[in-house]
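One-letter residues, chain by chain:
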Amino acid sequence: MAELSAPFPPGEYPVLVVGSGPGALQVSYSLSRLGVDHAVISADPSPGGMFRRWPFFQRLLSWTKPHAPAERGTRAYERYDWNSLLGADPICTAIQPGLMDGTSYFPSRPEMEANLVAFAERAPVAVRYGCRWTATRRVAGEDGERFEVETTDGIYRARALVLAVGVAEPYTPPGNGMEHTIHYAEVQPAETYADRRILIIGKQNSGFELATGLLPWARQLILVSPSKVKLSVETRTLVGVRARYVQPYEDNVLGGGVSILDASIDRIEKAPDGRLNVRLRRTDGGADLSLEVDDVISATGFVAPLVDLPDLGVQTVGQSRLPVQTPFWESTTVPGIYFGGTIGQGAKGLQKHGVPSNSGAVHGARYNGRVLAARIAATHFGIEPHRPHMAREAIAGFVATELAEAPELFHQRGYLARVLTADPAGGMRDDGVQPLAHVLDEGGPDAIAATLEGDGSGAIYPVLYSRIGGKVVEHVIEPDPLMRFDTLDARRSITDLVGRVAKR
């Protein structure tokens, strides 16, 4: 149980945020900036979430570039710093690069944890640590329904509940003999596997991360899953094995002691000498295989730790048990429950050309957190956002600059958009950054939604969506290799569209 002096003792609060990873910290900071009273609780002992434990081999997949084309601390610099959270005060801005030792622009796990600890201290974001969420109920209140959240410290009640608990519960699929495997989360120090034959189940980033770290130690590595390997350099997105982990793939191609097989596990049996016999069913048309190995590691991912939310009616989908969400990261089946951080990837957005959002990573989820806080403030507490008026002649330049510089649009391509709404008095109103799917699906007054998109070819290009008289039309602007979307040609396209939306 947390100390009596810890913040947020059990009781009633307008909003309860659960978690202390980057998602929870960003949402809490943003709620505070909007004047929304709330409590934050976490089972963990300090900020950091899963970064206190993983990735196993230390280095993150998301980069922070201390020396970049934009000045550190500026909004434009956020494109090159994928790990710092978003603060309005300079002391809370671009924290990560100042904590790195310069040996890599991929922060180490301790550097990332230090980044989050520093943000929580400087912001400041208060959290009641050591307080574990154990159960959830809906109860009637004098002015409406409340969520009653049971914890190891006592009962909390809140009008809105934000769960930013990560996708951090290890998952091992069922199967004959899977009890003989160890999960990624249970892997021992690399030297433990010296001179051993290791089979890794899973050919995504966690499997290749382990293979990369074990290459100097293992006698042989075999990576197995039913589907073929996808590399990010081939998909031209963050989908697939990232470039940092392709050495095992190259070793397989060049015959260097690594085997990558398209196969499923039929069964695993333990021999009298302690070794494991693994029977594989090939999925590429080849003959079934039988292997003898020393260890089998299950790099089969994690699931969202939702406690009893499914019993409360929260619908989930997929192996990761991600909650089904609206574009504003609210449960589609239990209104008032929202999701922050990496769980936000359950809100799919448009996914044009099959390209997903970056909501599952810090550099996407931090913008979601800011938008989510504004949504909660407006929906539950009537705190409406400022909607500055823009004269018609200023709009084209503003939109062009946003397309060229806005980190929200760059990092959340096809998911977040800058929205301008026609003002009956003339010109337009800046309605800020919103989920694109919401803008397109909900209808409303004439508007322009500006976003960046990709088609999987590596090109990044602007798309303007106009809504005129309820009809939505997509307008694609040609890509520029240097992403200079404030050029004369781009401005002409934007000006023409503005003339049709802002008629007065």
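Everything below is about the structure shown above.
Here the structure is a predicted model, which means the values were calculated and not measured.

The rules behind the values
- Residues numbered from 1 in each chain as written.
- Predicted model: local features only at pLDDT ≥ 70, side-chain atom pairs only at ≥ 80, totals over all residues.
- Heavy atoms only, no water.
- Helix = DSSP H or I, 4+ residues; strand = E, 2+ residues; numbered from the N terminus.
- Rg over C-alpha atoms; globule rule 2.2 N^0.38 Å.
- Buried < 20%, exposed > 50% of the residue type's maximum accessible area, 1.4 Å probe, protein only.
- Contact = heavy atoms within 4.5 Å.
- Areas by Shrake-Rupley, 256 points an atom, 1.4 Å probe, with all protein chains shown as cover.
- Lys, Arg positive; Asp, Glu negative; His and termini not counted.
- Charge placed at Lys NZ, Arg CZ, Asp CG, Glu CD.
- Core = buried A, V, L, I, M, F, W, Y, C linked by side-chain atoms within 4.5 Å.
- Pairing = 2+ DSSP bridges.
- Axes fitted to C-alpha atoms, helices over the stretch in contact; angles between N-to-C directions.
- Polar contact = N/O pair within 3.5 Å; in protein donor to acceptor, adjacent residues only side chain to side chain.
- Parallel < 35°, antiparallel > 145°, perpendicular 65-115°, else oblique.
- Left-handed = near helix turned anticlockwise from the far one by under 90°.
- Nonpolar A, V, L, I, M, F, W, Y, C, P; charged D, E, K, R; others polar.
- Salt bridge = Lys/Arg side-chain N within 4 Å of Asp/Glu carboxyl O.

A few words on the overall build of the protein. Counting secondary structure elements, the protein contains 11 helices and 23 strands. For the protein, the C-alpha radius of gyration of 24 Å lies close to 23 Å, the compact-globule estimate for 504 residues. By the burial criterion, 51% of the 504 residues in the protein qualify as buried. When contacts within the protein are restricted to residue pairs at least 6 apart in sequence, long-range pairs at least 24 apart make up 61% of them. As presented, the protein carries roughly 21800 Å² of accessible surface, and 50% of it is formed by carbon and sulfur atoms. Distance from the positive charge centre (51 side chains) to the negative charge centre (58 side chains) of the protein: 3 Å.

Our next topic: the nonpolar core. In this structure, Leu-16, Phe-119, Ile-200, Leu-309 and Ile-337 are the most contacted members of the largest nonpolar core, which totals 90 residues. Ranked by residue count, the leading element in this core is helix H7 (residues 362-381), at seven residues. Setting aside residues no more than four positions away along its own chain, Ile-200 makes contact with Gly-207, Leu-210, Ala-211, Leu-221, Ile-222, Leu-223, Val-224, Ile-297 and Ala-299. Listed in part, the 26 residues of the second largest apolar core include Val-399, Ala-404, Leu-420 and Leu-497.

In this section: the sheet that holds strand S22 (residues 460-468). With antiparallel pairing, the six strands of this open sheet are ordered in space as S18-S20-S19-S21-S22-S23. Edge positions in the open sheet fall to strand S18 (389-390) and strand S23 (471-476), since each of these has one partner strand only. For strand S19 (residues 416-422) and strand S20 (residues 428-435), the ladder comprises six bridges, and the chain directions are antiparallel. The residue of S20 that forms the bridge with Leu-420 is Asp-430. In the packing of helix H11 (residues 488-501) onto the sheet, contacts are made with S19, S20, strand S21 (447-454), S22 and S23, and the angle to S22 comes to roughly 15°.

Bringing the side chain of Asn-358 into the picture now. Among the secondary structure elements, Asn-358 is positioned in the loop between strand S17 (337-339) and H7. Within the structure, Asn-358 has its side chain in polar contact with the backbone oxygen of His-411 (distance 2.6 Å). Discounting chain neighbours no more than four positions away, the residues touching Asn-358 are Leu-238, His-363, Gly-364, Ala-365, His-411 and Gln-412.

On to the packing of helix H8 (residues 392-405) against H11. The axes of two packed helices give the description: the angle between them and the distance between them. At a closest axis distance of 9 Å, the pairing of H8 and H11 adopts a crossing angle of 130°. By the angle between their axes, H8 is oblique relative to H11. The handedness of the crossing between H8 and H11 is right-handed. Taking contact as the criterion, the partners of Arg-392, Ile-395, Ala-396, Gly-397, Val-399, Ala-400, Thr-401 and Leu-403 in H8 are, on H11, Arg-491, Ile-494, Thr-495, Val-498 and Gly-499. The class makeup of the residues in the contact of H8 with H11 is seven nonpolar, four polar and two charged.

Moving on: the pattern of salt bridges. Close approach of charged atoms allows side chains of opposite charge to pair. All chains considered together, the criterion is met by 29 salt bridges. Put simply, Asp-262 and Lys-203 hold a salt bridge, and the shortest N to O gap is 2.7 Å. With Asp-262 in strand S10 (residues 258-270) and Lys-203 in the loop between strand S8 (197-201) and helix H3 (205-214), this pair connects stretches of sequence that are 59 residues apart. Residues joined by salt bridges that share partners form a network here, namely Arg-75, Arg-370, Glu-402, Glu-408, Arg-418 and Asp-430.

Geometrically, the link from Ala-123 to Pro-124 is a cis peptide bond, its omega value of -15° lying close to zero. Position of Pro-124 relative to the elements: it lies in the loop between helix H2 (109-122) and strand S3 (133-141). Although it is not a glycine, Phe-8 adopts a positive phi angle of roughly 55°. Among the secondary structure elements, Phe-8 is positioned in the segment before strand S1 (11-18). The phi angle at Val-307 is positive, at roughly 50°, despite the residue not being glycine.

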